[in-house]
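Chain by chain, the residues run as shown.
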Amino acid sequence: MSNESKILSLSDTERAKLFLPTDPFTGTMPKFLERVWEHPATTESAKMRMYRAIIRKGVKNLRSTQLERIYGKPIVAYNAFDNYHGIEPQIHQVVSGYFGAASMGGEQDGQVLVLIGPKGAAKSQFVKSLRKILKGTEPVPYLGGSQMRTNPMNIFFMVPRVAEVMVKEGDAKTLEEARRIILEQMGFKNHIELDFTRSDIKAVCNNAGVDASFEGLTKIADADTLVSAIAFGMRQRRAARNNFGYPDPIVQAMLLGRFGHKRVNIWDFPVESFKYLDDQEGSVGIASVKEVEPLKFDMTRFTGEENIAALGNVDRADPASVVLNGAYNNSSRGLLEVVEAFKNPKEAHRSALEATQDKSIPAPDPMRDNLHWDGIPIYHSNAPEFRDFKADPKNEPYLDRFVWVKWKYPLEASEQEKVESKQWARTDYALPKDEGGVHLEPTIIPYISRFTVLTRLEPSANVPDLMVKLDAYNGDESRLRGMTTKIDVLALKREATNWEGMDGVSPRFTAKVRDELASEAYESNRRSITSRELRDRMYELTRDIEDEKQRDLYRGFINKELDSWRRKRLARIVTSAMVPSFPNECQGNFDKYFSNVIAFNRGSTVRSGSSSAWRSGPDEDFMRRIESDPELHITSAQSREFRAEVASVVSAYMQDNKTTKVPYNCYEPLQHAIERFVCEKVAETARVLFSGNARTEEDHENLNKIKKQLIEVHGFDEYTADELLREAEETKDFLKEI
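The following paragraphs examine the structure supplied in this document. These numbers come from a predicted model, not from an experiment.

Let's shift gears to the pattern of salt bridges. Per the counting criterion, the structure on display carries 47 salt bridges. The salt bridge partner of Asp536 is Arg535, with a shortest N-O separation of 3.0 Å. For the salt bridge of Arg624 with Glu627, the shortest nitrogen-to-oxygen distance reads 2.9 Å. On the criterion of helical spacing, the pair formed by Arg624 and Glu627 is a turn pair, its members being three residues apart in helix 28 (residues 620-627). Neither residue differs from the other here; Arg624 and Glu627 are each classed as buried. Counted as one network, the salt bridges with shared partners bring together Arg532, Arg535, Asp536, Asp563, Arg566 and Glu727.

Below, the structure written as C-alpha cells:
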C-alpha cells in the first residue's frame, strides 16, 4: 500500500496513536525512558514531529479524488492546510516527498527544503502555517539546562566518558562495571525490558561482537554503537536514531563535572519540556532569518556569538565563553526559515549543508566545537534569484542537497476563486452593506479568478483556445468546439513546461483593482460593484503594461474570452431567476440523476420519483438529456465512464462530510449541465421578454419577479440587479446562449 493510500485509509484508532501525552514531562532519565517505552514518538526528530502533526489532522477525500482525476496520480489534500487552495500538488510534494520521506530515514532527512515561486504565491504564508502546526504539538522533552534543548536520548553518547570519570573517582573498578551501573540505574535491567528480538538491535550487537542482551550492552564501549543498540531496543525508528547526537557543551560539563559544575549522575539528570514559540514570542524551537547583503553578512546571526562579559575570565572551551543565541541555536529541535535565501552569500549555504548532512553546526569563537543540530531548514525565494543561483556551476554541490519545490500559482479557476474570496473576506469591504461594506456582483470573484489563471497558462499547440485549456485544468469535461472527444488534461500538462504557473498576474494585482473600485463605490451612494465596471477598469489598467505583446494578450482576454464567458454566465443567472425555487429544481434533478446513475452502475432498479413503486431499470433517456448538455457533451460511449466518475465524487463527498445528503453543486461539470437543463424550460420566454421594446404590465411584473429572485436567491443587491437587467435589455442577443 502506498504512503498516500495509508493516509487516506487511516482509521480513528490509528489516528489516535499519532497523539502524545499533553502534560509537560518533568523528571529524571529513568522516568523519561518509561514514557518513551510507552510512547516511542516522544523522541522523534523535528521532521518526524511535523509529519505526524500534519497527517493526524486527516485528509479531504473529495478534493483528493478530484486532484487524482486532474493530475493522473495520487495527490493528497491535507486538512492541516485546508485554507490553501489550488496549490495542493506543491503541498503534497512537501508533506509526502519531504517530511514523509525524511520520517522514514530517506535522503530527504539530510536536505534543505527550498520553496521557489513567483511573488504573491503564498510561500511565506505556508511557512507560517508550518510554524503554527509545530506550536500546536505536544510539549517536547529536553535535557534540563541545555541551551539547544537537546534530545534526552542524546545523553547516552556520554556513557563512555561518564564511565571513565566513575572509574577515576572510584565509583566503579572497570569501565564495563561503570557502564553496567549506568544502564541498571537507567532502569534497563529491572524496569524497562529492552526488545532484543528486533532485527536492528541484533545487527548492531552482532557487528559489535556481543550478545543481543543486557549483558551484551555493558560490553559496548563505542558511544555511537551503544546509542544505536539502546535506541533500537527502545523501539526507536531508524529515522529517529539518525537524528541523535552528542548533547551540547553545558550538558557535557554538568555530566563530567567540568568548568566549575558539580557533577550530576547521568541517571539523575533532569528532563524538562518546552513548547514552541516563534521569533516574535521568544524564539524557542523556531527562528527566521531575513536576507543579508554579502558585505554585511555576519555568521553570528546563525551560530551565536562570543560572550563579551566572560572575555578573559573563562577557558575558551568553557560553555560560558559563548552565547548560543543564533538562528540555528534558537531553531534546534524545530524549524529554521531563511527568507530570500539566495540573496545570502555562500557561507550561509555551507552552514545549512553542515546542519543537514552532518547534523552539526559550528560553535562560535572562541569555543569552535561542533554542536549537534536537529531541525527543519527551509529556504524560500523568488524564482529569478534561484535561477541565477542555479546557473552558477560553482553552486552544484548545494543544489544536490536541496529538495526544491516549484511553488506555483493556482491553475484551477475554481480554486483561485477561493483564494480571491479569502483575500476579499479580510477587508472591511466584505462586511454587509448595512454594516458599511461594499457589495460585489456574484460573478466578480469568478471573473477575476479566470483572468489571473489565463495569464499563467502556457499556449498549447493541441488546444489553441486557452479558455478551453483553463476548463480542462479546472477538472471540467472540456472539448474543442465541434469535437466530441474529451480533452486529455494529462497530455496538456505533459505538453507544458515545468515552469507553467510560475509567471502571470499576481493575486495582489487583481486585489488592488478590486479594492480600488470598492473604495470608489464606498465613497458613492451605491456601495456596489458590477462585473462590467470591473471589466472596464481592468482594461484601462492594461495601458500601464510596457510589454506590448503581453498588453495585447491581456486585452484580448478581457475583450474576447472573458467577456464571452461573463455574458454567458449572467445570461444563465437571468434565465434561472425566472424559475421558481431554482436551487430546489436543480437539487431535485440532481437527486433523480444520481439515483439513476447508482441503478445503472449496480444494474438494479430505481424508485419512481412520484411513488414508492420500482421501475425495471434506470431512466436512460433522462440521463442522456443531462449528459448531452452542449458544454458537457458526454457521448453514449462515454456515459459509463462519466457515471462511474460521478459516483466516485459523490462517495468521496459523503465520506468527507459524513452525510448522505449531497448538494447538486458537489461536481462542477454536472452542476452546470443540470442548471442549463433547468433553465431551458424558460429560455425562450426569457428571450422574448428581453427582446421587445414595448412591455405590458405583465412584463413589468415578471421583471420585478426576476429582480426579486436575483436578490433573494442569486446574491445580487438592488443596484447590481438593476444593472444586470439593464445590460440584458440593451445588449443584442444577450440571452442567446445560456
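Structure's up, so let's keep going.
Before going further, it helps to spend a moment on the side chain of Thr455. Along the chain, the position of Thr455 falls in helix 21 (residues 444-456). In terms of polar contacts, Thr455 uses its side chain to reach the backbone amide nitrogen of Val505, at 2.9 Å. If we skip the residues at most four places from it in the chain, Thr455 touches Asp503, Gly504, Val505, Tyr554 and Phe557.

Attention now goes to the packing of helix 25 (residues 531-541) against helix 26 (residues 548-576). Contact geometry of helix 25 with helix 26 gives a least axis separation of 11 Å together with a crossing angle of 175 degrees. In terms of orientation, helix 25 lies roughly antiparallel with respect to helix 26. The residues of helix 26 that touch helix 25, namely those facing Ser531, Arg532, Arg535, Met538 and Tyr539, are Arg555, Ile558, Asn559, Asp563, Arg566 and Leu570. Tallied by class, the residues present in the contact of helix 25 with helix 26 amount to four nonpolar, two polar and five charged.

Turning our attention to the environment of Asp722. By the secondary structure assignment, Asp722 is in helix 33 (residues 718-730). Classification of Asp722 as partly exposed rests on a relative accessible area of 28%. Residues Asp722 and Leu20, 702 residues apart in the sequence, show an inter-C-alpha distance of 58 Å.

Where strand 1 (residues 27-28) meets strand 4 (residues 270-274), two bridges bridge the pair, whose relative direction is antiparallel. Considered in strand 4, the bridge of Thr28 is made with Pro270. Where strand 3 (residues 140-143) meets strand 4, four bridges bridge the pair, whose relative direction is antiparallel. From the neighbouring strand, Val140 faces strand 4, where its bridge partner is Phe274.

The terminal C-alpha atoms of helix 30 (residues 668-679) lie 16 Å apart, and with twelve residues this matches the ideal 16 Å at 1.5 Å per residue to within 8%. Helix 30 sits mainly inside the fold: eleven of its twelve residues count as buried. The complete set of buried residues in helix 30 reads Pro669, Leu670, Gln671, His672, Ala673, Ile674, Glu675, Arg676, Phe677, Val678 and Cys679.

This brings us to the sheet that holds strand 4. If you walk across this open sheet you meet the three strands as 1-4-3, and the pairing is antiparallel. Because the sheet does not close on itself, it has two edges, and the strands there are strand 1 and strand 3.

Conventions we followed
Residues numbered from 1 in each chain as written. Predicted model: local features only at pLDDT ≥ 70, side-chain atom pairs only at ≥ 80, totals over all residues. Heavy atoms only, no water. Salt bridge = Lys/Arg side-chain N within 4 Å of Asp/Glu carboxyl O. Helix = DSSP H or I, 4+ residues; strand = E, 2+ residues; numbered from the N terminus. Buried < 20%, exposed > 50% of the residue type's maximum accessible area, 1.4 Å probe, protein only. Polar contact = N/O pair within 3.5 Å; in protein donor to acceptor, adjacent residues only side chain to side chain. Contact = heavy atoms within 4.5 Å. Axes fitted to C-alpha atoms, helices over the stretch in contact; angles between N-to-C directions. Parallel < 35°, antiparallel > 145°, perpendicular 65-115°, else oblique. Nonpolar A, V, L, I, M, F, W, Y, C, P; charged D, E, K, R; others polar. Pairing = 2+ DSSP bridges. Expected span 1.5 Å × (residues − 1).

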